[in-house]
Amino acid sequence: MTKKILLSGFSQKHILEIKKKYKKDIFFVYKSNHKYINKIDALISYSRKSFEKFYYSDFHKYKKSISWIHIAAAGIENYFKKNELNKHCQLTTGKIIQGPQVADHAMALLLNLTRNLNTIIKEGPFVKFKKRPVELYNKNVLIIGYGGIGKNIAKRIIGFGVNIDILDNKKFSKSNLVNKSFLPTKLKDALKNKDIIFFSIPLTKKTTNMINKKTIKYIKKGAILINVCRGKIFCFKTIYKNLKNHYLGGVGTDVIDIEPIQKNNKLLNLANFLYTPHIAGISDNFFKRNMDLIINNLDKFIKNKKLINKKNLKTID
């Protein structure tokens, strides 16, 4: 059966390649407020920005007929109100293709803090350190969220000779990477005695403000927190207080609760706070992996096969 598919944000080269490959199906190139399409079977977006153009302008026109939406981004918490998607609609994201570069970025944030590079960058090569650089060897690490990004973080940091525990919705067996696995109900136990804590989880009602004035008490004095998922995982009022009084050894984050960050944000004045402007998902290989995933799923969609990297709609709050 012929499928009508809307492409948003693709280059002319990619559009021609797709049309040539799938000759029997009809592809439209999205432009705001299209008036000649009355029904579409799928929306494939090449980037978060191109999806948002469609979502905020025209999604309401097609939500009853659409049966597949692809968003290149990993996080979708800002989209789709409750019951906004029809029950037959499948949703796929770019989650699995962002693992390598986001894990690289997490390690960059950590090493900048442990080796005092952020201080040198801010204050110049002649600055005198207030604390000595920190070795990673034999440190206790917790990775919260053991999906594609969490697993890639584990693969990278294990080479430094650390001890890794994880916290995830699924229980994992002990392995050459993981010592112990905790379920979310054991968050307090998981946080204890950890020198480094990585956050690579989706934002949900349960994970919002995961680190707050109550849970911070279970974190070891001097611990370093690295956040490469969503800003609202942290209560930043709590983070600021515990960085300023040096209870936390440092915080490196690629995200903030309100983006873009304001220039007068007090956190930026703290030497033990390191912020990058939501760039962890960017890499030289991302677009190739993005296109490979799209083509793979397009094949499956046209043949009515199971899609890769589907989002469980029940987890959309």
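K.L.:
Got a minute to help me understand the pattern of salt bridges in this structure?
P.N.:
Evaluated as defined, the whole model comprises 6 salt bridges. Between Lys194 and Asp165 there is a salt bridge, with its nearest N and O atoms 3.3 Å apart. Here the residue Lys194 occupies a position in the loop between helix H7 (187-191) and strand S9 (196-199), and Asp165 occupies one in strand S7 (residues 163-167), the gap between them amounting to 29 residues. Lys194 gets classed as buried once you look at its relative accessible area, which sits at 5%. By relative accessible area, Asp165 is classed as buried at 13%.

K.L.:
Would you explain the pairing of strand S3 (residues 42-45) in this entry?
P.N.:
In the case of a regular strand, side chains alternate between the two sheet surfaces. Alternating residues of S3 divide into Ala42 and Ile44 and Leu43 and Ser45, and every residue in both groups is buried. Two elements, strand S1 (residues 4-8) and S3, share 4 bridges in a ladder whose sense is parallel. Within S3, the position partnered with Leu7 by the bridge is Ile44. The sheet contact formed by S3 and strand S4 (residues 68-71) spans 3 bridges and is parallel. In the strand pairing of S4, Ile44 is matched with His70.

Definitions and limits used
- Residues numbered from 1 in each chain as written.
- Predicted model: local features only at pLDDT ≥ 70, side-chain atom pairs only at ≥ 80, totals over all residues.
- Heavy atoms only, no water.
- Salt bridge = Lys/Arg side-chain N within 4 Å of Asp/Glu carboxyl O.
- Helix = DSSP H or I, 4+ residues; strand = E, 2+ residues; numbered from the N terminus.
- Buried < 20%, exposed > 50% of the residue type's maximum accessible area, 1.4 Å probe, protein only.
- Pairing = 2+ DSSP bridges.

Function cannot be inferred from these measures alone, as they are strictly geometric.
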